[in-house]
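Residue-level structural notes
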Amino acid sequence: MIEVRSVSVLVLILAVSAACCLGFGFVLQQNAAEKAPLSDFLSFRLLLDLMKVPRWLGGIGLMVAGMVLGAIALGKGEISLVEPLLATNLLFALALSRHQTRQSLGRQGWAGLALLAGGVTAFILAGEPRGGSAITDPLRHWLIIGVMIGLALLLTTYAKRSRLSGGPVLLGLAAGLLYGVQDALTRVSGQRFSEGGLAEVLTGWQPYTVLALGVTGLVLVQSAFETAPLRMSLPALTAAQPLAGIACGVGFLGDRLRTDTGALAWEAAGLAAVVVGIVLLGLHPAMPSGTGKPEQVRDLQPR
C-alpha cells in the first residue's frame, strides 16, 4: 500500500509539473504565432517561420519539457490517471495570461477553476484508475487509433473550409485527439523500452507514429494560435486530449476503471465538470486576445 501511494504521489507530481510546462509553453507559443504570416496557415512553413522567434522557441522548449515529464508519468501510471491531470495545464496558462493582462479571476475564473479541479478529483477518486493486461488484438488498436485520426482529419478539413472564426476550435479539437493518441503510443513505447531496451523501441512502429502525430499536431495548434485568440483553441485542445487518451487507455492499453453504477455516474460527472471548467477558463478575459488579422483571414477562405 505504501509503495502504491508513493508511486501515485510521484505520478501526481510529474503530471502536474508537465501541465505547468505545457500551460506556460502554450501561452508563449500563441504570443509569437499570432504575428506569423497567414499565408503559412496549415503549412509546415509556419514552423520554419516561427523557429526564428525566440519567444516561440522558449514556448516549444517548455512544451518539450512538459511532454518529457508527461511521458515519464505515463510510464509510471495509467493513462486514465495522467490525462485528467495534464488537463490542468489550462490553469497554468491562465495564471501566466492573467499576469500578462492584469485581469482578475472573477466569478467565471473561480468557477472554472473549481469545476476543473473538482472534476479531475471526482473522476480519479470514483474511477480508481489501475493498470491491467493490454489488449493484444491489433484490429482493436487500429480501429480506435483510426477513429481518432479520422476524426482529426475530418475536423481539419472542415476547419480549412469554414470561416476562421470557428476554424481554430476545430483545429484545437483535432490536435487534442492526435495528442491523446500520441500519449497512448508514448506509453506503449515506454513499455517496449522497459522490456527490451532501445532496440525494441526502434523496431516498432509506435515511436515513428508518435513523432508524426507530434509534428502534425504542432502545425494544427500553431495554425489555430496564428488565426485567433488563445481562448478559441486552447479549451478545445485541452478538453479533447484527455478524452482521447482515456479512450485509448481503456480501449486497448488495459486501463481499468470502476464500472458500478455509482462510480460510472461520478466518472461521467467528473469528466463533464472538467470540460465545462476548461471552457470557462479558456473563455476568461485574461486569456490573450490575439491580433485577429480579420482582413488576412478572409483572404485565406476558399472561393
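Residues numbered from 1 in each chain as written. Predicted model: local features only at pLDDT ≥ 70, side-chain atom pairs only at ≥ 80, totals over all residues. Heavy atoms only, no water.

**Re the overall build of the protein**
Across its full length, the protein holds 12 helices and 0 strands. Put simply, the protein runs from its N terminus to its C terminus through helices and strands in the order α-α-α-α-α-α-α-α-α-α-α-α. At a minimum sequence separation of 6, the contacts of the protein that also span at least 24 residues come to 87%. (Helix = DSSP H or I, 4+ residues; strand = E, 2+ residues; numbered from the N terminus. Contact = heavy atoms within 4.5 Å.)

**Quick look at the pattern of salt bridges**
Counted by the stated rule, this structure contains 4 salt bridges. Residue Asp 255 pairs with Arg 187 through a salt bridge whose shortest N-O separation is 2.7 Å. Taken as a pair, Asp 255 in the loop between α10 (230–252) and α11 (261–282) and Arg 187 in helix α8 (residues 167–202) lie far apart in primary sequence, 68 residues in all. For the pair formed by Asp 255 and Arg 187, the shared burial category is buried. Here Arg 258 and Asp 260 are joined by a salt bridge, their closest N and O atoms 3.2 Å apart. Given a relative accessible area of 29%, Arg 258 falls into the partly exposed group. (Salt bridge = Lys/Arg side-chain N within 4 Å of Asp/Glu carboxyl O. Buried < 20%, exposed > 50% of the residue type's maximum accessible area, 1.4 Å probe, protein only.)

**Comments concerning the environment of Ser 43**
Topologically, Ser 43 is positioned in the loop between α1 (2–33) and α2 (45–50). By relative accessible area, which is 14% here, Ser 43 ends up buried. Along the backbone, Ser 43 and Val 219 are 176 residues apart, and their C-alpha atoms lie at a distance of 6.9 Å.

**Concerning the packing of aromatic side chains**
The geometry of an aromatic ring pair comes down to the distance between the two centres and the angle between the two planes. Tallied over the full model, the rule gives 3 aromatic pairs. Taking the centre distance of 6.2 Å and the plane angle of 80° together, the rings of Phe 26 and Phe 225 count as edge-to-face. A residue pair is termed long-range when its members are at least 10 positions apart, and Phe 26 in helix α1 and Phe 225 in helix α9 (residues 206–227) qualify at 199 residues. Each of the two residues, Phe 26 as well as Phe 225, counts as buried. (Phe/Tyr/Trp six-rings, centres within 6.5 Å; stacked < 30°, edge-to-face > 60°.)

**Observations concerning the environment of Leu 12**
Structurally, Leu 12 can be placed in helix α1. Each C-alpha atom of the pair Leu 12 and Val 82 lies 7.6 Å from the other, and the pair is 70 residues apart in sequence.

Interpretation note: all reported values are geometric properties and have no functional meaning in isolation.
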